[in-house]
Amino acid sequence: MDVEMNEADALEALSSILERLTDNPYDIALHAEHIRIARATGMDDQVESALDMMTAFWAAGEDVWLPLIQRKIDASNLDSSEDLRAILDLFVRAERDYLSIPVLQKHLEFLVERYEHYTEAGGRPDELEELFTPEWMHETMSKVVSQGAGHLTKSHLLWDVQRDWELERLQNSTGEERAMLVGLVEAILLERLRQPHSNHDETFQAYSTFTTNYKPPEEYESLLVKASKGKAQAVKAFQRRENLENSLANSGYSLEGYAYYIASERKPKKPDMFILKALYERAITEADKRRFAGEANAEEALRTFWIGYLDLLRTQDVEDEDILLTFKRGLRSVPASGELLARYMRFLERALDSEEAATEINTVYEKAQTIAPLQSDVEQLVPVVLARAGFEKRLIEAGKAGEDGFENLVQIVMAGIARVRKASSAGDPRLRLEKYLSAICLEIEDLQANTLILWEDATKHYKTSYLAWTSYTDVLIRQHMYDDARNIFRDVAHKNVDWPEAVWEAWATFEQLHGSVEQLEDALDRIERARTQVNNRRAREAEKAQLAAAQLIAETQASVPVAEAPVPAQTETAHGQEQTAMDVDAGAHVGAGSKRKAEDEGTPDRESSSKKVRVEDQAKLKRDRENCTVFVAELPAGVQEDELTALFKDCGSIREIKITQLPNSVVATVEFMERDSVPAALTKDKKRIRGQEIAVHLAWRSTLYVTNFPEDADDTFIRTLFGKYGEIFDVRWPSKKFKSTRRFCYVQYTSPSSAEAALELNGADMEEGRKLSVLISNPERKKERTDSDANDREVYVAGLSKFATKEDLEGLFKTYGAVKDVRMIMDEKGHSKGFAFIEFENENDARAALSANNHELKRRRIAVTLADTRVRGKNKAPGYRADVRNRSVRVRNLPPGTQEGLLQQALEKHAKVKRVEVFADVREADVELENAAEAGKLLLRPDSIVFNGATLEIVAEATSGPATARPIAPPAANAGLFVPRAAVSRPRAGLGSKQRGIKPAQASNAAASGSSAAAANGGGGKGQDDFRKMLLGGK
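Computed from a prediction, not measured in an experiment: that's the story for all the values here. Every chain's residues receive numbers from 1 upward, in the order its sequence appears when written. Given that the model is predicted, a residue must reach a pLDDT of at least 70 before its local features are reported, and side-chain atom pairs must reach 80 or more before they are shown or counted; all residues, however, enter totals for whole chains, interfaces and linings. To get the side-chain values, all heavy atoms of the structure are used, and hydrogens and water are removed first.

Caption draft 1: Region of interest: the sheet that holds strand β11 (residues 744-749). Pairs of strands are assigned from DSSP output, requiring at least two bridges between the strands. Segments assigned H or I by DSSP are reported as helices when at least four residues long, segments assigned E as strands when at least two residues long, and all are numbered from the N terminus. Taken in spatial order, the 4 strands line up as β10-β11-β9-β14 in an open sheet, and their pairing is antiparallel. Among the strands making up the open sheet, the edge pair consists of β10 (728-732) and β14 (773-776). The sheet shows a mean angle of 20° between the axes of neighbouring strands, direction not considered. Where β10 meets β11, 4 bridges bridge the pair, whose relative direction is antiparallel. A fitted line through C-alpha atoms serves as each axis, taken over the contacting stretch for helices, and the angle formed by two N-to-C directions is quoted from 0 to 180°.

Caption draft 2: Spatial organisation of the packing of aromatic side chains. Only centres within 6.5 Å qualify two rings of Phe, Tyr or Trp (six-membered ring in Trp) as a pair; their planes then separate them into stacked at under 30 degrees, edge-to-face at over 60, and tilted for everything else. Enumeration over the complete set of coordinates arrives at 26 aromatic pairs. Seen from their ring centres, Phe 327 and Phe 347 are 5.4 Å apart, and the 35° between their planes marks the pair as tilted. Of this pair, Phe 327 sits in helix α15 (residues 320-333) while Phe 347 sits in helix α16 (residues 338-351), and the two are 20 residues apart along the sequence. Each member of the pair, Phe 327 as well as Phe 347, is classed as buried. Centroid distance Tyr 482 to Phe 510: 6.1 Å. Interplanar angle 50°. Geometry classified as tilted. Here Tyr 482 is found in helix α24 (residues 482-492), whereas its partner Phe 510 is found in helix α25 (residues 500-514), with 28 residues between them in sequence. Exposure is judged per residue with a 1.4 Å probe applied to protein chains only, and the accessible area is read against the type maximum: over 50% gives exposed, under 20% gives buried, and values in between give partly exposed. The exposure class of Tyr 482 is partly exposed, given its relative accessible area of 24%.

Caption draft 3: Highlighting the nonpolar core. Phe 110, Phe 132 and Phe 305 are the most contacted members of the largest nonpolar core, which has 163 residues in total. Each domain's limits were defined by an automated method or a database of domain assignments. Each of domain 1 (1-58) and domain 2 (63-149) accounts for three or more of the residues forming this core. Contact partners of Phe 110, with chain neighbours within four places excluded, come to Ile 73, Leu 78, Leu 84, Ile 87, Leu 88, Phe 91 and Phe 132. Counting residues in each nonpolar core, the second largest holds 41 residues, with Ile 728, Tyr 749, Val 916 and Leu 952 among its members. The definition of a nonpolar core used throughout is a set of buried Ala, Val, Leu, Ile, Met, Phe, Trp, Tyr and Cys residues joined through side-chain atoms within 4.5 Å. Here a residue-residue contact requires only that any non-hydrogen atoms of the pair lie within 4.5 Å.

Caption draft 4: Highlighting the sheet that holds strand β4 (residues 654-661). Strand order across the open sheet formed by 4 strands is β4-β5-β3-β8, with antiparallel pairing between neighbours. Strands with a single pairing partner mark the edges of an open sheet, and in this sheet they are β4 and β8 (695-698). Across the sheet, the axes of successive neighbouring strands diverge by a mean angle of 20°, strand direction being ignored. Two strands pair when backbone bridges link them, and strand β3 (residues 629-635) and β8 are joined in this way by 4 bridges, in the antiparallel orientation. Residue pairing across strands places Val 630 opposite Leu 698, the latter belonging to β8.

Caption draft 5: Structural view of a negative patch on the surface. Taken together, the side chains of Glu 319, Asp 320, Glu 321 and Asp 322 make up a negatively charged region of the molecular surface. Secondary-structure assignment places Asp 320 in helix α15. Note on patches: the residues involved have over 30% relative accessible area and no salt bridge, like charges join within 9 Å, and the nonpolar side chains Val, Leu, Ile, Met, Phe, Trp and Tyr join within 5 Å. Each accessible area value is a Shrake-Rupley result obtained with a 1.4 Å probe; residue values ignore everything except the protein chains displayed when judging cover. A pairing counts as a salt bridge when a side-chain nitrogen of Lys or Arg comes within 4 Å of a carboxyl oxygen of Asp or Glu. None of His or the chain ends enter the tally, which takes Lys and Arg as positive and Asp and Glu as negative. Charge coordinates come from a single atom per side chain, which is NZ of Lys, CZ of Arg, CG of Asp or CD of Glu.

Caption draft 6: Broad picture of the packing of helix α4 (residues 62-75) against helix α5 (residues 81-97). Two elements in contact, α4 and α5, have axes separated by 10 Å at closest approach and are oriented at 175°. Between α4 and α5, the interaxial angle falls into the category roughly antiparallel. Along the contact surface, α4 presents Trp 65, Leu 68, Ile 69, Lys 72 and Ile 73, while α5 presents Ala 86, Ile 87, Leu 90, Phe 91, Arg 93, Ala 94 and Asp 97. Under this grouping Gly is polar, as are all residues other than the nonpolar Ala, Val, Leu, Ile, Met, Phe, Trp, Tyr, Cys and Pro and the charged Asp, Glu, Lys and Arg. Within the contact of α4 with α5, the residues separate by chemical class into 9 nonpolar, no polar and 3 charged. An angle below 35 degrees is treated as roughly parallel, one above 145 as roughly antiparallel, one from 65 to 115 as roughly perpendicular, and anything else as oblique.

Caption draft 7: A look at helix α21 (residues 432-443). Expected helix span is given by 1.5 Å per residue-to-residue step, counting one fewer step than there are residues. Relative to the 16 Å expected for 12 residues at 1.5 Å per residue, α21 spans 17 Å between its end C-alpha atoms, a close match to the ideal helical length. Taken together, the buried positions of α21 are Arg 432, Leu 433, Glu 434, Leu 437, Ser 438, Ile 440, Cys 441 and Leu 442. On its buried face, α21 is in contact with α19 (378-397), α20 (405-423), α22 (448-461) and α23 (466-478).

Caption draft 8: Spotlight on the UniProt feature "coiled-coil region" (unreviewed entry) in the protein chain. UniProt positions are given in the numbering used here, feature names are shortened, and annotations may be inferred rather than shown by experiment. UniProt marks residues 510-544 with the feature "coiled-coil region" (unreviewed entry), using the numbering shown here. The span residues 510-544 carries 94% helix and 0% strand; its end-to-end C-alpha distance comes to 36 Å.

Caption draft 9: Spatial organisation of unusual backbone geometry. With phi around 65°, Phe 132 is a residue other than glycine that occupies positive phi space. Tracing the backbone shows Phe 132 in the loop between α6 (101-121) and α7 (134-147). For Phe 132, a relative accessible area of 2% translates into the label buried. Residue Asn 893 is not a glycine yet carries a positive backbone phi of 65°. By secondary structure assignment, the location of Asn 893 is in the loop between β21 (888-892) and α37 (900-907).

Caption draft 10: Expanded view of the pattern of salt bridges. Within the structure shown, the criterion is met by 59 salt bridges. Between Arg 169 and Glu 166 there is a salt bridge, with the nearest N and O atoms lying 3.9 Å from each other. In this pair, Arg 169 and Glu 166 both sit in helix α8 (residues 156-171), 3 residues apart, roughly one turn of the helix. What makes Arg 169 buried here is its relative accessible area of 10%.

Okay, here's the thing in structure tokens:
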């Protein structure tokens, strides 16, 4: 999202981002930010510099190359051989990075445009030499088209350009050249017919026309029969994949869709390499595009696609030259992928002789040490070190390493171990490099002593790692140093290690093999004492954690002022009177229209008692997700719900467990029936499932409340901004159906540490005069959030003159307090529609503004009430509902779990949306647009809208029948007409307002209906259940 910046801010931002890029040029997020800032400045030279810098370090997509190429074309002398060659070289570089149909199209268009220019000019400048000759054009265009030939649905966009150029050239030819070109064009057409693609019929028609015009008539039929047979296999190949292509398109070309498509293509023993190679290229291009946009899982998917692509080329015996080129492209695309670098080094070892391979591998390894993202990621660093060490080891075994071979090997691994520990304080929990070096040293008698030093050092660094201690004792046992091993076991048995049970088992096994009876029994006694100590310590830690959690909950509750604490069973009217929820006694109904008996009014104790019980029941039944949920992270792959149930079953009753597979981890939420279960659940932190330590924390502690971001910020913007601090679990957006100005969201990470790190964005400048607000989303402090009490701070003004202005309202209402916003609803002529909303800075001022009720403004008396957004619709002017239906559409086939806020963002890219309401039970939504024309835009779209992998179905709202937001349901049984005591509505405004009540005939009919219903029910009045049924059934 580009935002205009003033010159001073622009220069400061550019200076800052360039300084960061100098330190870390292999951070693609910094390059994306650099380009965004450069574009925001409006400085063309800075934009070009940012684009150039990106292409120098990274493979770039069409979003970078297309503007860069266009700038080069605009700034060049197109009659200069040097400038033309520079542009053509730029196209080659762009096409080498990723498969981009738009880039290839632009290349072809440029070639044709230049060729036609020189043709019309009567010749080419001599300095161009072979450039833009017919032969050069044919060869160059063929290369360009061949790059996209495997794209089943879009290759025709390229091939059609070459076909048209070749046919025009044929048409203008004569003599021998014409005969040569006939054969050339025929070969091009026949080759295309043998390729799977989406518009075979059009290609066959082109061949038929060509045959008619340039082949003898007597050969026409035989040639077409032969061509038809030749295309049959290609047509079937496309038809087999047509459903997959459609599914991929319907998913919005999702990375998951590509992965599924690729998996299905790789199932045969002999896959179709023409299609599969192009499919990998398409998937890689899409993953890069999403990575550049800041999508969280795109980097991991991109690495996976490159690794799968290169493994395919290796297993299918593709030429080494092609594999080498693909490796170089892949390393420009994902330079921090350790697995890809490791494969590249193994490829060099296999493809080159040992001396040349040593030189190249050393160069690659040294460059890898300069890539900061790789050096800071243990999981990427370890494979690179192992690949380099593996090459050195094989040189030693082949006798090609020289005298210092083993010394070099040990130095490589030791340096790798040091870098791993520098990259992360936790190091490598699996100790892969230590194990590798230990195995090498144990094979060589002179180096066996180094093994003991290695593991002794490892136990000092990984003090709590059972794996380090058991590996140390294993080496001691292999060297028959039993007493030393026994001393280590005795010492570590009482240490606080991550898996003491594994250490105890190893000790017991050792004594059974190498110890005496006394030593075995002594070990078992010590193990039992250690087990008791560990269990006691765990109990104390659990108690301490439970106490801390309870204390935290108590503190957060105490931080809410008493005046702000919600009272579930009571509401306050505008006059300050308390009203309780309507109470219906199941045993005795009061007759319709009758008064309550005197004895009922004289039992205050019983009444208050019953109310108290009811308040407690309501509070108990209310679902409190935020306070009753814990977040579980670092789960092992494939974990099952019953495993989590078994872990948390002793904490309290579990309401729901949801397991989510993220790109890089598995996480879960565990919701309990009561919040009292949460402290016990928090004690499960650092417990193990399948031998893997898990993390448990309060869900809200890893959740941020974010507001005051730019108005046009969307989900991608937020994920890009916050994604650099850690893995994002979810971003939740508010619905705008009740208040269109709401601008906040919740960003939930998989760990509290990520949320705390992201707090540095609090106060960050987003736009001029706007600072981002980022807070931990404490559920007990909702009232502190700027949007939480918006309804209480807003008044609704009706009865306005059409000549009233926003300034008139500001002048009137600022006398009651600070006005934050005035929203006046206008008609197409710019006049007031008669109502407006005034939002104050605080609630007390809004209540004070109720005094303006019945005030005269522009010769009209206005009505002022607190804005209750949820019932505002029933007070609309006549014809309003019909107007809303005319500019509304129904959206069907929503994906499960659709957020109203995200759906509105998606639709706002195509039309101006005013309100969205989702009905999850039927997977549909009502969408109200700004006007009927905007509704028409959605209804008449030629292309489908794909949202979260689902193709949306958009239909017009019903223009007749009851105006209901939900799908029309059948009338509820026995649903009569509910008649309140005062059936005639009160005037909304003051003098001169027209009173809209029930007409006499309607009133009598309603009374009759009510009487008959009462008689049918034994004289009982309608209760809450009946009223609810009536609402569900429609009026």
